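A structural walkthrough
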Amino acid sequence: MNILLTGGAGFIGSHIVDAYIADGHDVTVIDDLSKGKKSNLHPAARLIVMDVRDPGLEDVFTASRFDVVNHHAAQIDVRRSVTEPSVDASINILGTLGLLVRSRAHGVKKFIFASSGGAIYGECGDQGASEGDLLRPESPYGVGKASAELYVRLFGERLPYTILRYANVYGPRQNPRGEAGVITVFIDQMLTRQGTTIYGTGEQTRDFVHVADVVDANRAALRGGNNLTLNIGTRVETSVNALYKTLARLDGVSQKPKYAPARSGEIERSLLNPANALRHLGWHPTRYLEQGLKGTLEYFRQRKEALVPA
Ligand SMILES: NC(=O)c1ccc[n+]([C@@H]2O[C@H](COP(=O)([O-])OP(=O)(O)OC[C@H]3O[C@@H](n4cnc5c(N)ncnc54)[C@H](O)[C@@H]3O)[C@@H](O)[C@H]2O)c1
């Protein structure tokens, strides 16, 4: 297939590029390199350095007949979305809309959209959030993702789509800044012996999904899951304290973390029920957290320069 992948020089996007190329697809990447890095990018991918809102996007679509558009480019910093909500909306809502308009006009057969379960459901119960639950985004970033989803569905009549709502994704190449960087932030602080700060009691929970599992979902979405919105998470809750303990044990760190006041707007429990992804995509998470943490720690140990200050 001929695939356009936005945000392909970033953390998740670059892993999807690797997999799509390994599977024999032609991949064009649009990335403005505001957060992504050329060094993340597979040499066989064609990189166009461009903002997704650039009018030049039209020429990109005219020059290549894409079968699939996979949209991962985004402003992913929740705190920035609070201080600069218009910038967030411009990139995450209008940027998505521009891609949808062009995809439909140029006969794209499938649109895959990276949404965020962690940012749009709000507080979650024991069973984990399900796709039909009422959305309660607590940040402009979450509102932007929920709005973009509505546009994707609106265009769905003539542009088949799959919306993937990710839990907290982690793994190699993640930048310690951003939406779900807690694992990379802790690893950064441990490897550089800065000491770790936990905000709040540390008993808040998150659902951590390995980037390789997210890649598998994006592979499956090329073939299935048409016109569906699917959670990509594990339904396993891990507290920030438990995460710290595991990482400290793996890294041989004996220092206790410091605690600071909770950040406003942080939710207590986040976990996603992925039953529908299993039913419709045959997808389920296969990487255990401890194993994934070992691999991620090893990656950053070998590339300390990949860590930038948070
Ligand atoms: N990391 C997570 O846990 C997580 C969770 C839920 C959803 N998501 C979504 O997954 C996608 C990828 O996230 P990531 O963690 O890989 O982040 P990332 O910052 O590593 O990747 C985003 C990429 O988009 C590029 N980009 C940003 N603004 C752009 C613009 N205006 N035009 C072109 N390129 C632009 C950046 O340079 C970067 O390479 C995002 O849509 C994000 O909202 C991520």
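Small disclaimer: the values here were computed from a predicted structure and weren't measured.

Once that is clear, we can look at the overall build of the protein. Scanning the protein from N- to C-terminus turns up 11 helices and 13 strands. For a compact globule of 310 residues, the expected C-alpha radius of gyration is about 19 Å, and the protein comes in at 19 Å, within 12% of that figure. In terms of overall dimensions, the protein has a C-alpha envelope of 55 × 40 × 40 Å along the principal axes. Here the protein, with 310 residues, has 57% of them falling under the buried criterion. In the protein, the proportion of contacts linking residues at least 24 apart, taken out of those at least 6 apart, comes to 79%. As presented, the protein carries roughly 13600 Å² of accessible surface, and 51% of it is formed by carbon and sulfur atoms. With 36 positive and 33 negative side-chain charges, the protein shows a spacing of 2 Å between the two charge centroids.

Below, the discussion takes up the packing of helix α7 (residues 182-191) against helix α9 (residues 240-251). Put simply, α7 and α9 touch, their axes get as near as 11 Å, and they point 40° apart. Considering their axes alone, α7 and α9 lie oblique with respect to each other. Seen from above, α7 lies across α9 with right-handed handedness. Packed against α7, whose contacting residues are Val 182, Ile 183, Phe 186, Ile 187, Met 190 and Leu 191, the element α9 presents Val 240, Leu 243, Tyr 244, Leu 247, Ala 248 and Asp 251 at the interface.

The next subject is the sheet that holds strand β4 (residues 68-71). In space, the 7 strands of this open sheet follow the order β3-β2-β1-β4-β5-β6-β11, with parallel pairing throughout. In this open sheet, the two edge strands, each paired with only one partner strand, are β3 (46-49) and β11 (228-232). Ignoring which end each strand starts from, the neighbouring axes of this sheet average 20° apart. Relative to β11, strand β6 (residues 161-166) runs parallel, the two sharing 5 bridges. Note on β11: the bridge partner recorded for Arg 165 is Asn 231. Relative to the sheet, helix α6 (residues 140-155) contacts β5 (110-116), β6 and β11, its axis offset from that of β5 by approximately 160°. Against the sheet, helix α8 (residues 211-223) makes contact with β1 (2-6), β4, β5, β6 and β11, and its axis sits at roughly 165° relative to β6, the strand it touches most.

This next bit is on the side chain of Asp 213. Relative to the elements of secondary structure, Asp 213 occurs in helix α8. Residue class for Asp 213 comes out buried when judged on its relative accessible area of 0%. Those residues within four positions of Asp 213 in sequence are excluded, and the remaining contacts are Trp 283, His 284, Pro 285, Thr 286 and Arg 287.

Looking now at the site of the ligand. Of all residues adjacent to the ligand, which total 31 residues, the nearest are Phe 11, Ile 12, Asp 31, Tyr 141 and Val 169. The contact in question runs from an oxygen atom of the ligand to an N or O atom on the backbone of Phe 11, over 2.8 Å. If the ligand stood free it would expose 820 Å²; the protein chains cover 97% of that surface. Sorting the residues of the shell around the ligand by element identifies α1 (11-22), β5, α6 and β7 (168-170) as the ones contributing at least two each. At 3 residues, the largest contribution of residues to the shell around the ligand is made by β5. Residues of the shell around the ligand, tallied by class, amount to 16 nonpolar, 9 polar and 6 charged.

End to end, α1 covers 17 Å across 12 residues, agreeing with the expected 16 Å (1.5 Å per residue, within 8%). For α1, the complete set of buried residues consists of Phe 11, Ile 12, Gly 13, Ser 14, His 15, Ile 16, Val 17, Ala 19, Tyr 20 and Ile 21. Count one or two residues on from α1 and you reach Gly 24, which has phi positive near 95°.

Conventions and cut-offs
- Residues numbered from 1 in each chain as written.
- Predicted model: local features only at pLDDT ≥ 70, side-chain atom pairs only at ≥ 80, totals over all residues.
- Heavy atoms only, no water.
- Helix = DSSP H or I, 4+ residues; strand = E, 2+ residues; numbered from the N terminus.
- Rg over C-alpha atoms; globule rule 2.2 N^0.38 Å.
- Buried < 20%, exposed > 50% of the residue type's maximum accessible area, 1.4 Å probe, protein only.
- Contact = heavy atoms within 4.5 Å.
- Areas by Shrake-Rupley, 256 points an atom, 1.4 Å probe, with all protein chains shown as cover.
- Lys, Arg positive; Asp, Glu negative; His and termini not counted.
- Charge placed at Lys NZ, Arg CZ, Asp CG, Glu CD.
- Axes fitted to C-alpha atoms, helices over the stretch in contact; angles between N-to-C directions.
- Parallel < 35°, antiparallel > 145°, perpendicular 65-115°, else oblique.
- Left-handed = near helix turned anticlockwise from the far one by under 90°.
- Pairing = 2+ DSSP bridges.
- Near = heavy atom within 4 Å.
- Polar contact = N/O pair within 3.5 Å; in protein donor to acceptor, adjacent residues only side chain to side chain.
- Nonpolar A, V, L, I, M, F, W, Y, C, P; charged D, E, K, R; others polar.
- Expected span 1.5 Å × (residues − 1).

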